[in-house]
Amino acid sequence: MADEKNTEKPAKKPEAAAAPKAEEAAGPSVPNLGGIEPVTASPVTPKKGKKRVKKNIATGIVHIASTFNNTQITICDVSGNVIAWSSAGARGFKGSRKSTPFAAQVAAGDAAAKAMEHGLKTVSVLVKGPGAGRESALRALSAAGLKITLIRDVTPIPHNGCRPPKRRRV
(Lines give C-alpha, C1' and ligand atoms only; values in the text may rest on other atoms or scores of the structure.)
Protein backbone atom coordinates (compact mmCIF):
# COMPACT_ATOMS: atom_id res chain seq x y z
CA MET A 1 0.00 0.00 0.00
CA ALA A 2 2.81 2.36 0.77
CA ASP A 3 4.20 1.66 -2.68
CA GLU A 4 0.89 2.61 -4.31
CA LYS A 5 0.81 5.97 -2.59
CA ASN A 6 4.32 6.82 -3.71
CA THR A 7 3.74 5.78 -7.33
CA GLU A 8 0.62 7.93 -7.73
CA LYS A 9 1.17 11.18 -9.54
CA PRO A 10 0.31 14.28 -7.56
CA ALA A 11 -3.06 15.65 -8.59
CA LYS A 12 -2.94 18.70 -10.85
CA LYS A 13 -4.54 21.85 -9.64
CA PRO A 14 -7.63 22.76 -11.65
CA GLU A 15 -7.05 25.61 -14.12
CA ALA A 16 -9.95 27.54 -12.65
CA ALA A 17 -8.07 27.82 -9.36
CA ALA A 18 -4.96 29.15 -11.15
CA ALA A 19 -6.90 31.78 -13.12
CA PRO A 20 -7.86 34.05 -10.19
CA LYS A 21 -4.20 34.38 -9.18
CA ALA A 22 -3.35 35.63 -12.66
CA GLU A 23 -6.20 38.15 -12.45
CA GLU A 24 -5.03 39.37 -9.05
CA ALA A 25 -1.56 39.95 -10.46
CA ALA A 26 -3.00 41.83 -13.44
CA GLY A 27 -5.04 44.30 -11.44
CA PRO A 28 -7.42 44.89 -8.56
CA SER A 29 -10.12 42.29 -8.09
CA VAL A 30 -13.64 43.11 -9.22
CA PRO A 31 -16.32 42.79 -6.51
CA ASN A 32 -18.83 40.01 -6.95
CA LEU A 33 -22.00 41.60 -8.32
CA GLY A 34 -24.01 38.40 -8.59
CA GLY A 35 -23.32 37.68 -12.25
CA ILE A 36 -23.76 41.29 -13.43
CA GLU A 37 -20.83 42.64 -15.44
CA PRO A 38 -19.56 46.02 -14.20
CA VAL A 39 -19.75 48.92 -16.63
CA THR A 40 -16.25 49.95 -17.67
CA ALA A 41 -15.02 52.60 -20.06
CA SER A 42 -14.22 51.42 -23.54
CA PRO A 43 -10.54 51.35 -24.45
CA VAL A 44 -9.27 54.57 -25.96
CA THR A 45 -8.96 54.30 -29.71
CA PRO A 46 -6.80 56.71 -31.69
CA LYS A 47 -8.76 59.40 -33.48
CA LYS A 48 -8.98 58.68 -37.17
CA GLY A 49 -9.31 61.82 -39.27
CA LYS A 50 -10.18 62.18 -42.90
CA LYS A 51 -7.51 60.66 -45.09
CA ARG A 52 -5.77 63.34 -47.12
CA VAL A 53 -5.93 62.83 -50.83
CA LYS A 54 -2.94 64.26 -52.66
CA LYS A 55 -4.24 66.67 -55.24
CA ASN A 56 -2.06 67.73 -58.15
CA ILE A 57 -2.55 71.50 -58.22
CA ALA A 58 0.06 73.72 -59.88
CA THR A 59 -1.41 77.22 -59.34
CA GLY A 60 -3.35 78.67 -56.45
CA ILE A 61 -4.42 81.75 -54.53
CA VAL A 62 -3.08 82.70 -51.11
CA HIS A 63 -5.33 84.79 -48.87
CA ILE A 64 -3.50 86.57 -46.06
CA ALA A 65 -5.83 88.10 -43.46
CA SER A 66 -3.70 90.15 -41.11
CA THR A 67 -5.52 91.78 -38.20
CA PHE A 68 -4.16 93.59 -35.17
CA ASN A 69 -4.50 90.37 -33.13
CA ASN A 70 -3.72 87.47 -35.49
CA THR A 71 -2.66 86.50 -39.01
CA GLN A 72 -4.47 83.81 -41.00
CA ILE A 73 -3.16 82.28 -44.21
CA THR A 74 -5.50 80.29 -46.47
CA ILE A 75 -4.27 78.68 -49.68
CA CYS A 76 -6.92 77.80 -52.29
CA ASP A 77 -6.97 76.50 -55.83
CA VAL A 78 -8.17 78.83 -58.59
CA SER A 79 -11.82 77.79 -58.11
CA GLY A 80 -11.71 78.65 -54.39
CA ASN A 81 -11.42 75.20 -52.77
CA VAL A 82 -9.16 75.32 -49.71
CA ILE A 83 -5.96 73.28 -50.03
CA ALA A 84 -4.21 74.31 -46.80
CA TRP A 85 -4.52 76.89 -44.05
CA SER A 86 -2.67 78.04 -40.97
CA SER A 87 -2.70 80.88 -38.50
CA ALA A 88 -0.45 82.31 -35.83
CA GLY A 89 -2.77 80.95 -33.15
CA ALA A 90 -2.83 77.48 -34.69
CA ARG A 91 0.98 77.41 -34.63
CA GLY A 92 0.99 77.82 -30.84
CA PHE A 93 1.38 81.58 -30.37
CA LYS A 94 -0.83 83.02 -27.68
CA GLY A 95 -1.85 86.48 -26.64
CA SER A 96 0.07 89.45 -27.95
CA ARG A 97 2.68 87.19 -29.62
CA LYS A 98 0.08 86.20 -32.25
CA SER A 99 0.18 89.69 -33.72
CA THR A 100 3.94 89.68 -34.36
CA PRO A 101 5.59 89.45 -37.79
CA PHE A 102 7.48 86.33 -36.69
CA ALA A 103 4.22 84.52 -35.88
CA ALA A 104 2.90 85.43 -39.34
CA GLN A 105 6.11 84.14 -40.91
CA VAL A 106 5.82 80.78 -39.11
CA ALA A 107 2.15 80.43 -40.07
CA ALA A 108 2.82 81.26 -43.73
CA GLY A 109 5.69 78.79 -43.90
CA ASP A 110 3.50 76.07 -42.41
CA ALA A 111 0.63 76.70 -44.83
CA ALA A 112 3.04 76.80 -47.79
CA ALA A 113 4.60 73.47 -46.79
CA LYS A 114 1.16 71.84 -46.53
CA ALA A 115 0.14 73.23 -49.92
CA MET A 116 3.36 72.19 -51.64
CA GLU A 117 2.61 68.58 -50.64
CA HIS A 118 -0.29 68.85 -53.11
CA GLY A 119 2.02 70.05 -55.90
CA LEU A 120 1.47 73.80 -55.61
CA LYS A 121 4.17 75.87 -57.33
CA THR A 122 2.87 79.32 -58.36
CA VAL A 123 0.48 81.52 -56.42
CA SER A 124 -1.17 84.90 -56.53
CA VAL A 125 -1.47 86.60 -53.16
CA LEU A 126 -4.41 88.63 -51.85
CA VAL A 127 -3.55 90.58 -48.69
CA LYS A 128 -6.28 91.92 -46.43
CA GLY A 129 -6.05 93.90 -43.21
CA PRO A 130 -3.79 96.35 -41.38
CA GLY A 131 -1.79 93.89 -39.24
CA ALA A 132 1.93 93.60 -38.66
CA GLY A 133 2.30 90.25 -40.41
CA ARG A 134 1.54 91.31 -43.98
CA GLU A 135 5.04 91.64 -45.41
CA SER A 136 6.65 88.89 -43.34
CA ALA A 137 4.00 86.38 -44.47
CA LEU A 138 4.78 87.28 -48.09
CA ARG A 139 8.50 86.80 -47.53
CA ALA A 140 7.89 83.44 -45.88
CA LEU A 141 5.81 82.25 -48.85
CA SER A 142 8.58 83.08 -51.30
CA ALA A 143 11.24 81.60 -49.00
CA ALA A 144 9.25 78.33 -48.84
CA GLY A 145 9.66 77.97 -52.60
CA LEU A 146 6.38 79.27 -53.99
CA LYS A 147 6.60 81.53 -57.05
CA ILE A 148 4.50 84.65 -56.44
CA THR A 149 2.96 86.05 -59.63
CA LEU A 150 0.64 88.72 -58.23
CA ILE A 151 0.28 90.67 -54.98
CA ARG A 152 -3.00 92.52 -54.51
CA ASP A 153 -4.25 94.45 -51.47
CA VAL A 154 -7.93 93.70 -50.95
CA THR A 155 -8.38 95.52 -47.63
CA PRO A 156 -11.96 96.81 -47.47
CA ILE A 157 -12.06 100.61 -47.49
CA PRO A 158 -15.27 102.37 -46.47
CA HIS A 159 -16.67 104.94 -48.89
CA ASN A 160 -17.85 107.16 -46.03
CA GLY A 161 -18.66 104.21 -43.76
CA CYS A 162 -20.85 104.16 -40.69
CA ARG A 163 -22.23 107.26 -39.06
CA PRO A 164 -19.81 108.48 -36.39
CA PRO A 165 -20.95 108.80 -32.77
CA LYS A 166 -22.47 112.09 -31.73
CA ARG A 167 -20.12 114.88 -30.72
CA ARG A 168 -19.00 114.84 -27.11
CA ARG A 169 -20.12 117.77 -24.94
CA VAL A 170 -18.04 118.58 -21.87
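See above for the structure.
Some thoughts on the overall build of the chain
(1) Moving on: Each helix and strand counted, the chain has four helices and five strands in total.
(2) Moving on: Secondary structure of the chain in N-to-C order comes out as α-α-β-β-β-α-β-α-β.
(3) Moving on: Expressed as a percentage of its 170 residues, the buried residues of the chain come to 26%.
(4) Moving on: Within the structure as shown, the chain displays about 13,400 Å² of accessible surface, and the carbon and sulfur contribution to it stands at 56%.

Focus on helix α3 (residues 101–116)
(1) Moving on: Taking 1.5 Å of rise per residue, 16 residues should cover 22 Å, and α3 covers 22 Å from first to last C-alpha, within 8% of that figure.
(2) Moving on: Turning to α3, its buried residues number three or more, namely A103, A104, A107, A108, D110, A111, A112 and A115.
(3) Moving on: On the buried face of α3, the contacting elements are β2 (71–76), β3 (82–87) and α4 (134–144).

Quick notes on the sheet that holds strand β1 (residues 59–66)
(1) Moving on: With mixed pairing, the five strands of this open sheet are ordered in space as β3-β2-β1-β4-β5. Only two strands of the sheet have a single partner each, and these edge strands are β3 and β5 (147–153). The mean inter-strand angle of the sheet, taken between neighbouring strand axes irrespective of direction, is 15°.
(2) Moving on: With five bridges joining them, β2 and β3 adopt antiparallel strand pairing. Counterpart to C76 in the pairing with β3 is V82.
(3) Moving on: Each of β2 and β3 touches α3; the most contacted strand, β3, lies at about 160° to it.

Some points on α4
(1) Moving on: Three or more residues of α4 are buried, namely R134, S136, A137, L138, A140 and L141.
(2) Moving on: Check the buried side of α4 and you find it contacts β1, α3, β4 (122–128) and β5.
(3) Moving on: Phi turns positive, to about 115°, at G145, one or two residues after α4.

Observations regarding the packing of aromatic side chains
(1) Moving on: All chains considered together, the criterion is met by one aromatic pair.
(2) Moving on: Measuring from centroid to centroid gives 5.9 Å for F93 and F102, while their planes differ by 85°, and the two rings are edge-to-face.
(3) Moving on: Directly above the ring of W85 sits K114, whose terminal nitrogen or CZ lies 5.7 Å from the centroid.

Re the pairing of β2
(1) Moving on: Here β1 pairs with β2 via six bridges, running antiparallel. Residue I64 lies in a different strand from β2, and its bridge partner there is I73.
(2) Moving on: Between the end of β1 and the start of β2, which pair antiparallel, lie four residues.
(3) Moving on: Counted between consecutive antiparallel strands, the loop separating β2 from β3 contains five residues, among which G80 sits at a positive phi close to 100°.

Cut-offs used in this document
- Residues numbered from 1 in each chain as written.
- Predicted model: local features only at pLDDT ≥ 70, side-chain atom pairs only at ≥ 80, totals over all residues.
- Heavy atoms only, no water.
- Helix = DSSP H or I, 4+ residues; strand = E, 2+ residues; numbered from the N terminus.
- Buried < 20%, exposed > 50% of the residue type's maximum accessible area, 1.4 Å probe, protein only.
- Areas by Shrake-Rupley, 256 points an atom, 1.4 Å probe, with all protein chains shown as cover.
- Expected span 1.5 Å × (residues − 1).
- Contact = heavy atoms within 4.5 Å.
- Pairing = 2+ DSSP bridges.
- Axes fitted to C-alpha atoms, helices over the stretch in contact; angles between N-to-C directions.
- Phe/Tyr/Trp six-rings, centres within 6.5 Å; stacked < 30°, edge-to-face > 60°.
- Lys NZ or Arg CZ within 6 Å of the ring centre and 35° of its normal.

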